[in-house]
Amino acid sequence: MFKKLLFLSALGISTAVFSQQNVKEKLGSYFDSLFVHHKVMGSFAFAENDRPTFVKVIGFADVEKKQKANINTQYRIGSISKTFTAVLVMKAVEDKKISLDKKLSDFYPEIPNADKITIENLLQHRTGIHNLTDEAEFAQYYTKPQTGNDLVAIIKKYKSDFEPGSKHEYSNSNFILLGLILEKVYKKSYTELIKTKIAKPLKLISTGVGGKIDTSKDQAKSYQYFNGIYLAAPETDMSVPIGAGNIVSTPRELLIFILGLENGKLIKRENVDKMKNFIDDYGYGLVKFPFEKYSGFGHNGAIDGFRSELVYFPELKTAVSFITNQEDMDSDDIFDKMMAAATGKDFKMPDFKGIVVSADILKKYEGNYKTKDFPLDIKIFIENGVLKGQATGQDAFPLEAVSENEFKFDIAGIKVKFNAENGTMDFAQGANQFTFKKE
């Protein structure tokens, strides 16, 4: 869904300086290679000296119709929408429609702790309002139309997770409420606000609130690639993530958006600076991103099978944006190589030579694994010749061999190492590491 934030690293980039043209050509070849090996489909762009200079599109908008994507194809951008919402809030402050210290209770007193929660708390995810996308019931309604009242009724029934203002915890509920509040104070739809206050001033023609995907209108569907087949992902009804993840755009237009924001074309510079009031690396709808010695800002997103990133580095005058509609790898690698190319540095091309592990060896790893340090069991099994893992109550995921006893699932950053002799499995995801024992 659109709930996950992925934090970036800056690893594996050579410091050798190449000609900009050569490195751009190499980056184009990198994306072609990813598509050929079914790792990624999508659109990619970066800006140098505050000017878009690179665009590359790979794959299909509609696999079933063999309809190729192009530079004008619209993709769902997920939580990058939160930056748009934050800009609208700051515009509402300028228009004296709202203030940052205004209480949520002035709009939705039925939300737990509403009298303690400010607009600023909502912008910075410091409310304690429970994230509705974390609940299992979300899967029952996210593909169906919901009214604002429906969404508020869902959000209000969850208990507060913590005292407002005491800490940061990402919650889509915060920005859904902001989207609804903007409609109240302006007496206009969120769709109209995006159109008149962001798209029109920046002359964006492919950016706006999305609806049901229509590939005949150059809108991309999203997919998973599994067992040699592209499988279309279910579609979130865009009434659900209002303010939190309901915008469609292109990477090139996202670059124009973030450069326009930085250069004061949407709101006053003083309010742009307020948006960068980072606490726990989160500002007003903005995430703080590191790259080498530099600090940038932007956001990323995930909704259905779409993944997206938009980051600007003021010191480098460099911005990177991409949206994928099929991804079977770690987004960090894409970001790192795009930043390398944008700053004139060489990078290493990936090696797609696969490791083949015999069925007899894979059979030894099958079983149910437990550990007291992790609340879920993980089942390891073979399906159609592919080794898979499945945590209790979760979807199964394929495991790609790195060696005879080491496997990975790049899209989630999962690494697994089996020791068949003692029946253990070392499981790592990001900084979290656990040793499971087979029952």
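Residues numbered from 1 in each chain as written. Predicted model: local features only at pLDDT ≥ 70, side-chain atom pairs only at ≥ 80, totals over all residues. Heavy atoms only, no water.

A. Seen up close, the packing of aromatic side chains. Across all of its chains, the model carries 24 aromatic pairs by this definition. Ring centres of Phe-374 and Phe-436 lie 5.8 Å apart, and the angle between their planes is 65 degrees; on these two criteria the pair is classed as edge-to-face. Of this pair, Phe-374 sits in the loop between β16 (367–370) and β17 (378–383) while Phe-436 sits in strand β24 (residues 432–438), and the two are 62 residues apart along the sequence. Taking the relative accessible area as the measure of exposure, Phe-374 reaches 24% and is therefore partly exposed. The class for Phe-436 is buried, based on a relative accessible area of 0%. Members of the aromatic cluster, each reached through a chain of ring pairs, are Tyr-30, Phe-31, Phe-44, Phe-322 and Phe-347. Of note, Lys-26 hangs over the ring of Phe-347, and the distance from its end group to the ring centre comes to 5.1 Å. The cationic tip of Lys-379 hangs over the ring face of Phe-381; the distance from NZ or CZ to the ring centre is 5.2 Å. (Phe/Tyr/Trp six-rings, centres within 6.5 Å; stacked < 30°, edge-to-face > 60°. Helix = DSSP H or I, 4+ residues; strand = E, 2+ residues; numbered from the N terminus. Buried < 20%, exposed > 50% of the residue type's maximum accessible area, 1.4 Å probe, protein only. Lys NZ or Arg CZ within 6 Å of the ring centre and 35° of its normal.)

B. Molecular detail of the sheet that holds β24. Strand order in the open sheet made by the nine strands is β19-β18-β17-β16-β24-β23-β22-β21-β20, with antiparallel pairing throughout. The sheet is open, and its two borders are formed by β19 (397–398) and β20 (400–401), each paired with just one other strand. Sheet analysis places β17 next to strand β18 (residues 386–391), joined by six bridges and oriented antiparallel. When the sheet's bridge partners are listed, Phe-381 is paired in β18 with Lys-388. (Pairing = 2+ DSSP bridges.)

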